[in-house]
Structures are given as C-alpha cells and as structure tokens.
Amino acid sequence: MSPDSLGPGSVRSATEVNEAIRALWLRAGGSLSAQERAKYELLVVEWAAAIRSDVIEAA
C-alpha cells in the first residue's frame, strides 16, 4: 500500500508527509493543477498534525 493511499486515522510521521509533499511538487514540475493543489492542502494539514503530535510526545 502506498503511503499516499492511507485512509483517515492512519498516522504518518512529519518526515514521511514532508517527503510526500516534495514528491508531489517534483511530479508537478513546480506548478500544481487544481487536483494536485487539493492533495497538497490535505498533505499540509496532515504534516501540521504530525508536527503537533511530535511536539506533544516530546513534552
């Protein structure tokens, strides 16, 4: 199963999500379509949640 196809409730690290964001931008060649933009926005929300989770665990 691809990390991009994980369902709701699946947890990826901030590093994994960041790699997915980088891969999306590379595939898009620096210009996102509307569909890619929507995926990017979801990834950013997931990345932010992963960062918050890392901070909470560190505390």
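In short, a report on the structure. (Residues numbered from 1 in each chain as written. Predicted model: local features only at pLDDT ≥ 70, side-chain atom pairs only at ≥ 80, totals over all residues. Heavy atoms only, no water.)

**Some thoughts on a nonpolar patch on the surface**
Stage number 1. There is a patch of nonpolar side chains on the surface, built from W47, I51 and V55 and spanning about 260 Å² of accessible area.
Stage number 2. Within the element layout of this structure, V55 appears in helix α2 (residues 34–58).
Stage number 3. The exposure class of V55 is exposed, given its relative accessible area of 54%. (Patch = residues over 30% accessible without salt bridge, like charges linked within 9 Å, V, L, I, M, F, W, Y side chains within 5 Å. Areas by Shrake-Rupley, 256 points an atom, 1.4 Å probe, with all protein chains shown as cover. Salt bridge = Lys/Arg side-chain N within 4 Å of Asp/Glu carboxyl O. Helix = DSSP H or I, 4+ residues; strand = E, 2+ residues; numbered from the N terminus. Buried < 20%, exposed > 50% of the residue type's maximum accessible area, 1.4 Å probe, protein only.)

**Some remarks on the side chain of R12**
Stage number 1. Relative to the helices and strands, R12 is located in the segment before α1 (14–28).
Stage number 2. Polar contacts involving the side chain of R12 include one to the side chain of E46, which spans 2.9 Å. (Polar contact = N/O pair within 3.5 Å; in protein donor to acceptor, adjacent residues only side chain to side chain.)

These figures come from the coordinates and say nothing about function on their own.
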